[in-house]
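Structural overview for review
In case you want the letters, here they are:
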Amino acid sequence: MKKRNLWLLCAGITLLMAGITLFHALVLAPDWKRTFELSPVSVFVMYAARPLAWTGAGMLLTGLVLRTAAGSGRAGTGCRFWMAAGVLVWLAYGAAALFWLVTSGQAASRPLMTVMIWILENPLVFLIPGQFLGAGLWGSQA
């Protein structure tokens, strides 16, 4: 895939997920606070849209940094390692979130509950795996 197409795909996914999150915050969340009923969109936003938006932002920020570093000849080292680290973090989160959703949090252990609640409250932590993925993706093309 060409660099330009990767930039557009990454930016498009980031903007789409950020738009869904914004729609949820402005339109659906006020109603949810009155009725205490979660819609499927609310669940999607909590478990997928916010983490994907922050991951995409991390990828784009890393791409901008590596694009600047590519001009100075310092990019491209350890790309597979960083890509694998980002994929590993996302696979761990996906497995934990899937287990959490399937069991409705009933069979989850206390450490898993603590971590999942913290992650759902702080989706900004997905900026880090986004930077790992961005280093692997953009660094290999620098």
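Scroll up to find the structure this text is about.
Residues numbered from 1 in each chain as written. Predicted model: local features only at pLDDT ≥ 70, side-chain atom pairs only at ≥ 80, totals over all residues. Heavy atoms only, no water.

**Digging into the nonpolar core**
- Among the nonpolar cores identified, the biggest contains 10 residues, and these are Y47, Y93, A96, A97, W100, L112, M116, I119, L120 and F126.
- The set of elements that each furnish at least two residues to this core consists of α3 (79-102) and α4 (110-121).
- In contact with F126, other than residues within four places in its own chain, are P51, W54, T55, W90, Y93 and I119.
- M59, L66, A135 and W138 belong to the second largest nonpolar core, which has 9 residues in total. (Core = buried A, V, L, I, M, F, W, Y, C linked by side-chain atoms within 4.5 Å. Buried < 20%, exposed > 50% of the residue type's maximum accessible area, 1.4 Å probe, protein only. Helix = DSSP H or I, 4+ residues; strand = E, 2+ residues; numbered from the N terminus. Contact = heavy atoms within 4.5 Å.)

**Details of the packing of aromatic side chains**
- Counted under the stated rule, the structure contains 5 aromatic pairs.
- For the pair W90 and F126, a centre-to-centre distance of 5.0 Å together with 40° between the ring planes defines the contact as tilted. You can see W90 sitting in helix α3 and its partner F126 sitting in the loop between α4 and α5 (127-139), a full 36 residues away along the chain.
- Among the aromatic side chains, those forming a connected cluster through ring pairs are F81, W82 and F132. (Phe/Tyr/Trp six-rings, centres within 6.5 Å; stacked < 30°, edge-to-face > 60°.)

**Some remarks on the environment of A49**
- Relative to the helices and strands, A49 resides in helix α2 (residues 40-72).
- Exposure remark for A49: the relative accessible area of 0% places this residue in the buried category.
- Considered as a pair, A49 and I13 are 36 residues apart in the sequence and their alpha carbons are 9.5 Å apart.

**Details of α5**
- Taking 1.5 Å per residue, 13 residues should reach 18 Å; α5 reaches 17 Å between its end C-alpha atoms and fits that length.
- The buried fraction of α5 amounts to 10 of the 13 residues, a majority that puts the element mostly inside the structure.
- Burial in α5 covers these residues: L127, P129, G130, L133, G134, A135, G136, L137, W138 and G139. (Expected span 1.5 Å × (residues − 1).)

**Regarding a nonpolar patch on the surface**
- A cluster of nonpolar residues, L22, F23, L26, V27 and V41, forms a patch on the protein surface that exposes about 460 Å² of accessible area.
- By secondary structure assignment, the location of V27 is in helix α1 (residues 3-35).
- Residue V27 is classed as partly exposed on the basis of its relative accessible area, which comes to 45%. (Patch = residues over 30% accessible without salt bridge, like charges linked within 9 Å, V, L, I, M, F, W, Y side chains within 5 Å. Areas by Shrake-Rupley, 256 points an atom, 1.4 Å probe, with all protein chains shown as cover. Salt bridge = Lys/Arg side-chain N within 4 Å of Asp/Glu carboxyl O.)

**Concerning the environment of L6**
- One can find L6 in helix α1.
- On the basis of relative accessibility, which here comes to 11%, the residue L6 falls in the buried class.
- For L6 and L137, which are 131 residues apart along the polypeptide, the C-alpha to C-alpha distance reads 9.0 Å.

The analysis is restricted to geometry; functional conclusions fall outside its scope.
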